[in-house]
Amino acid sequence: MIARHAENRAASEPMVPKPFEVIATRQDTVDTWTLELRPPDSSELSFAPGQFTMISAGGSGEVPISISGDPGAPSVLVHTVRGVGFATEALCAARPGQVLSVRGPFGAPWPVGDLDGADVVVAAGGIGLAPLRPAVLWLLAERERYGRLILLYGGRAPDQLLFEAELETWATRGMEVLVTVDSAGPEWLGHVGVVTRLVRRAEIDPESTASLLCGPEVMMRFMATSLIERGVPGSRIYASMERNMQCGIGHCGHCQLGPTLVCRDGPVYRWDLLEPWLAVREL
Amino acid sequence: MRAIEDLIAQAPVFAGLTTAQLELIAGCGHNERVDAGAFLFREGAPAERFYLIRSGTVALEVHAPGRGQLRIETLDEGEVVGWSWLFSPYRWQLDARVLEPAALVEFDGACLRGKVETDNELGYLLMRRFAAVIVERLHATRLQLLDVYGDDRAAR
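Residues numbered from 1 in each chain as written. Chains lettered and ligands numbered in written order. Predicted model: local features only at pLDDT ≥ 70, side-chain atom pairs only at ≥ 80, totals over all residues.

**Q** Quick rundown of the overall build of chain A? Include the residues and the values.
**A** A count of helical and extended segments in chain A gives eight helices and 15 strands. If you line up chain A on its principal axes, its C-alpha atoms span 50 × 45 × 40 Å. The buried share among the 283 residues of chain A stands at 47%. The long-range share in chain A, meaning contacts at least 24 apart out of those at least 6 apart in sequence, stands at 70%. (Helix = DSSP H or I, 4+ residues; strand = E, 2+ residues; numbered from the N terminus. Buried ≥ 20, exposed ≤ 12 C-beta atoms within 10 Å, placed from the backbone. Contact = placed C-beta atoms within 7 Å.)

**Q** Break down the interface of chain B and chain A for me, with residues and values.
**A** Between chain B and chain A, the residue contacts involve 22 residues of the former and 37 residues of the latter. Put simply, the parts of the chain that give the side of chain B that touches chain A at least two residues each are β4 (68–75) and α4 (120–146) of chain B. Tallied by class, the residues present in the side of chain B that touches chain A amount to 11 nonpolar, five polar and six charged. (Nonpolar A, V, L, I, M, F, W, Y, C, P; charged D, E, K, R; others polar.)

**Q** So what about the pairing of strand β3 (residues 52–56) of chain A? Which residues, and what values?
**A** Residues and elements named next belong to chain A. Of all five residues making up β3, four are buried, and the element is well covered by its neighbours. Judged from the four bridges that link them, β3 and strand β4 (residues 63–66) form a sheet pairing that is antiparallel. Paired with M54 across the two strands is P64, which belongs to β4. Connecting β3 to the next strand, β4, in antiparallel fashion are six residues, including G58 with a positive phi near 60 degrees. As defined by bridge partners, β3 adjoins strand β6 (residues 99–106) across four bridges and the pair is classed as antiparallel. Paired with S56 across the strands is S101, a residue of β6. (Pairing = 2+ DSSP bridges.)

**Q** Describe the domain arrangement of chain A, with residues and values.
**A** Residue and element names in this part refer to chain A. Under the domain assignment used here, chain A contains domain 1 (2–106) and domain 2 (112–240). Here domain 1 and domain 2 have C-alpha centroids that lie 25 Å from each other. Counting from both sides, the interface comprises 14 residues of domain 1 and, opposite them, 14 residues of domain 2. Elements with a contribution of two residues or more to the side of domain 1 that touches domain 2: β1 (18–29) and β5 (77–82). Grouping the amino acids of the side of domain 1 that touches domain 2 by side-chain chemistry returns three nonpolar, eight polar and three charged. (Domains from an automatic or database assignment.)

**Q** I'd like a rundown of the nonpolar core, residues and numbers included.
**A** Residues and elements named next belong to chain A. Residues V122, L152, L213 and A239 are the most contacted members of the largest nonpolar core, which totals 83 residues. A per-element tally of this core places helix α3 (residues 129–141) first, with eight residues. If we ignore the near neighbours within four places in the chain, the residues touching L213 are A123, M220, M223, A224, I237, Y238 and A239. (Core = buried A, V, L, I, M, F, W, Y, C linked by C-beta atoms within 7 Å.)

**Q** For the confidence of the model for chain B, give the residues involved together with the corresponding values.
**A** Residues and elements named next belong to chain B. Confidence along chain B averages 91 in pLDDT terms, with 96% of residues attaining 70 or more. Element-level pLDDT for chain B is lowest in β4, with a mean of 90, against a maximum mean of 97 in strand β2 (residues 39–41). Scored below 50 in pLDDT, residues 151–156 makes 20 contacts in the model with residues more than four places away or belonging to other chains. Predicted complex, confidence summary: ipTM 0.83, pTM 0.89. (pLDDT = per-residue confidence, 0-100.)

**Q** Provide a residue-level description of the pairing of strand β8 (residues 149–155) of chain A, including the pertinent values.
**A** All names here are of chain A. Counting buried residues in β8 gives seven out of seven residues, a clear majority hidden from the surface. Every second residue of β8 is oriented toward a common face, with L149, L151, Y153 and G155 on one face and I150, L152 and G154 on the other, all of them buried. Bridge analysis of strand β7 (residues 119–125) against β8 gives six bridges, and the strand direction is parallel. Note that in β8 the partner of A124 across the bridge is Y153. With α3 bridging β7 and the parallel β8, this β-α-β connection has right-handed handedness. Judged from the seven bridges that link them, β8 and strand β9 (residues 175–181) form a sheet pairing that is parallel. Residue L152 lies in a different strand from β9, and its bridge partner there is L178. Chirality of the crossover, the property in question, places the unit of β8, helix α4 (residues 164–172) and β9 among those that are right-handed. (Right-handed = clockwise from strand over helix to strand, strands pointing away.)

**Q** Can you tell me about the environment of A:G59, naming the residues and giving the values?
**A** Mapped onto the secondary structure, A:G59 falls in the loop between β3 and β4. Accessibility expressed as a C-beta count within 10 Å gives 8 for A:G59, which makes it exposed.

Put into structure tokens, the structure is as follows:
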């Protein structure tokens, strides 16, 4: 009863942050860290793959960070953060025992529950694999509901790839994993080239394929173009967008994208609905 | 053993050519197996051949003083390695190193150039096909130059 009351209170007070304790950290790459956080009072933070929270470390400013944890394990909130500014570098510097302020989860999720029977191509670039990790874990947990599961993952260099050990695990659990890097030395024995070149190697069947994209916007644009050239309809391609999200609940309007607000109507959009707005410069 | 014309008919670069055209091209080719680590060609050497990969992986590399051997791109099944045989001065501009044991069809570029001198229709078709390969790789190279991951200021 008390827990339900607290849950209702959180839902009705989305602007009120809650204290989450850092219980573990892991450095993934030179500038990227994964944080495991415990919700207050041993509660759970249920979320859908693709959702994000607004999070801050001390007075360093609040930023939107996609959840990178397992949706089947809501007792721990997991974020993978790349330190690219004051707020995110403060998050990367957080250590066990420190308390962070968290609001959410917010946003429209990946439509993984609506893709029964489909081959699912998950295409990630750089840090974009983090928001897709919950979707991958969902798809693998519900493996029998889907056709082929394919991960196309591109990074800048071998030492900047995320979740390397997990990629091997996913491959053993029924996901075809293709990885490429933009450049590498001779010690790297994997693919070298841009991530869009993996589309040809994946030999996808456009009739039965749906795709989830996340990465730098220009990478998603080229990836969507490659998939559409292969015959995948834009209505079965989904992309996670990023804009200047501040309130997280569609009130402040900072994250406007065309007639939508990314925090409320996104971050996950259907490509055919999103594409016209991406063609508008400075939007 | 399958004839060369049957093997190359499935490659995107030769798809849709007539049987006579495929036979003419196949007349300049032969099967080759190359071990991992071997170089198909080295930068600056005369470009007299090109390859179609049947299996295995080939890396295109460049040696940069002070930075060592840099891997630019990897190519695998169904892809063409080498177009310098088509354009004067017929010199390789990169190294091509086999990463995984490769089954290849190796073509004699001078042989094919000689044939298309008298069969301009095939020459035009081949030039279009190789132009498509070059455009695809140019496009990919432009995307690499954007360095999208390095410039990703995402606060994720």
